[in-house]
Amino acid sequence: MATRYWIVSLPNPGGSTANSLWARLQDSISRHSFDTPLYRFNVPDLRVGTLDSLLALSDDLVKSNVFVEGVSHKIRRQIEELERAGGVESGALTVDGVPVDTYLTRFVWDEGRYPTMSPLKDIVGSIQSQVAKIEDDMKVRAAEYNNVRSQLSAINRKQSGSLAVRDLSNLVKPEDMVTSEHLVTLLAIVSKYSQKDWLSSYESLDTFVVPRSSKKLYEDNEYALYTVTLFAKVVDNFKVRAREKGFQVRDFEYSPEAQESRKEELEKLLQEQEAMRASLLQWCYASYSEVFSSWMHFCAVRVFVESILRYGLPPAFLSAVLAPSAKGEKKVRGILEELCGNVHSIYWKSEDDVGVPGLGGETESHPYVSFTINFV
């Protein structure tokens, strides 16, 4: 599937029909650029209104197109992220049940959503408000999902980070801890390279330390986790002496109930994250379809307005969709210009001239209407 298309319109002056111009375009493409996909882009007979209204509308068309296109890309990126997070292989996106490229190349105006007799300004305004509402909704939904992800990330950091900061409950067993009326077990974080120093000095940090009570429970890339048992009355003094020697004593209270509670909280968050991911993904699929459909209707309005401003009234033009390869673009441009007739025709002003009134700055310098659609 191509991801970059041109939407163009060619002038169809009196004396020829759109069908005959279409036949000439097909013949030229097949003879000189046969590998370029070519499709007719069906723009309905929209309500023209006044020239002033078209000029006013055209000022917003390019900016509005950037907005609508941007939202479609945001949703697509969100879909890709959610699919990766769920370990799902990315599939082809669809619009109204058909692949996105098929929707573009077989575009049919939806009269029910956008009556052709409505003023163009109303149609454009309706598209903008619908897409803006979807974008706002996506921000809220994505924020809720990312909040749960952040909570899980914080828990994972506590469980898998450095011994200096991580949760120690899953590293300590009941038999590792001694708790009585007079004795207590502390947990010391010792630099990986200071373990000999710890083992040779911990008994001397206070006279009430139980000899040979230190046992290594765990070691990571930076630190080792040791127990030490001592009399409860000297805990504060031992912590101070240990800190002076460069050892960190972690505050820890072994509680099976608290450990089980944290485990249940983690499982609940994991289930909540997956439910929210699946829900957001389905919403994104549906919203992408709606935004992309709105975008193509917007493109049809844009082709209509820019064609009238460039070619004049009554509307007489042929619109088409092409997907030339990068190396074939120059050749296809030449074919399109040839079908426009002389480059100094009434439909063209050179780059040194003022330009066609009302056309947005994105419009490329060609003797026909042309703009690019990028799916990604």
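Residues numbered from 1 in each chain as written. Predicted model: local features only at pLDDT ≥ 70, side-chain atom pairs only at ≥ 80, totals over all residues. Heavy atoms only, no water.

Bringing the pattern of salt bridges into the picture now. In this structure the tally under the stated criterion is twelve salt bridges. Its salt-bridge partner being Glu 329, residue Arg 4 comes within 2.4 Å of it at the nearest N-O pair. One end of the pair, Arg 4, is in strand E1 (residues 4-11); the other, Glu 329, is in helix H8 (residues 329-339), and 325 residues separate them in sequence. Taking relative accessible area as the criterion, Arg 4 reaches 36% and is therefore assigned partly exposed. With relative accessibility at 22%, the residue Glu 329 sits in the partly exposed group. Between Asp 197 and Lys 245 there is a salt bridge, with the nearest N and O atoms lying 3.8 Å from each other. You can see Asp 197 sitting in helix H5 (residues 195-201) and its partner Lys 245 sitting in the loop between helix H6 (235-244) and strand E8 (248-250), a full 48 residues away along the chain. A relative accessible area of 33% means that Asp 197 is categorised as partly exposed. The exposure class assigned to Lys 245 is partly exposed, which follows from its relative accessible area of 40%. (Salt bridge = Lys/Arg side-chain N within 4 Å of Asp/Glu carboxyl O. Helix = DSSP H or I, 4+ residues; strand = E, 2+ residues; numbered from the N terminus. Buried < 20%, exposed > 50% of the residue type's maximum accessible area, 1.4 Å probe, protein only.)

Here we come to the nonpolar core. By size, the foremost hydrophobic cluster in this structure holds 79 residues, and its most contacted members are Leu 25 and Phe 41. Excluding residues within four positions of it along the chain, Leu 25 makes contact with Leu 10, Leu 38, Leu 318, Ala 320, Ile 335, Leu 336 and Leu 339. With 17 residues, the next largest nonpolar core counts Tyr 202, Ala 224, Ala 242 and Val 249 among its residues. (Core = buried A, V, L, I, M, F, W, Y, C linked by side-chain atoms within 4.5 Å. Contact = heavy atoms within 4.5 Å.)

Turning to the domain arrangement of the protein, a few remarks are in order. Segmenting the protein into domains produces domain 1 (1-45 + 315-346), domain 2 (51-93 + 112-166 + 254-310) and domain 3 (174-253). Relative placement of domain 1 and domain 2: their C-alpha centres are 34 Å apart. Contacts between the two partners involve nine residues from domain 1, matched on the other side by eight residues from domain 2. Between domain 1 and domain 2, the buried area comes to about 750 Å², and carbon and sulfur atoms account for 80% of it. For the pair domain 1 and domain 2, the number of links is zero salt bridges. The tally of links from domain 1 across to domain 2 stands at one residue pair in polar contact (both at pLDDT 80 or more). Breaking the side of domain 1 that touches domain 2 down by element, the ones donating at least two residues are E1 and strand E9 (317-322). (Domains from an automatic or database assignment. Buried area = accessible area lost by both parts, 1.4 Å probe. Polar contact = N/O pair within 3.5 Å; in protein donor to acceptor, adjacent residues only side chain to side chain.)

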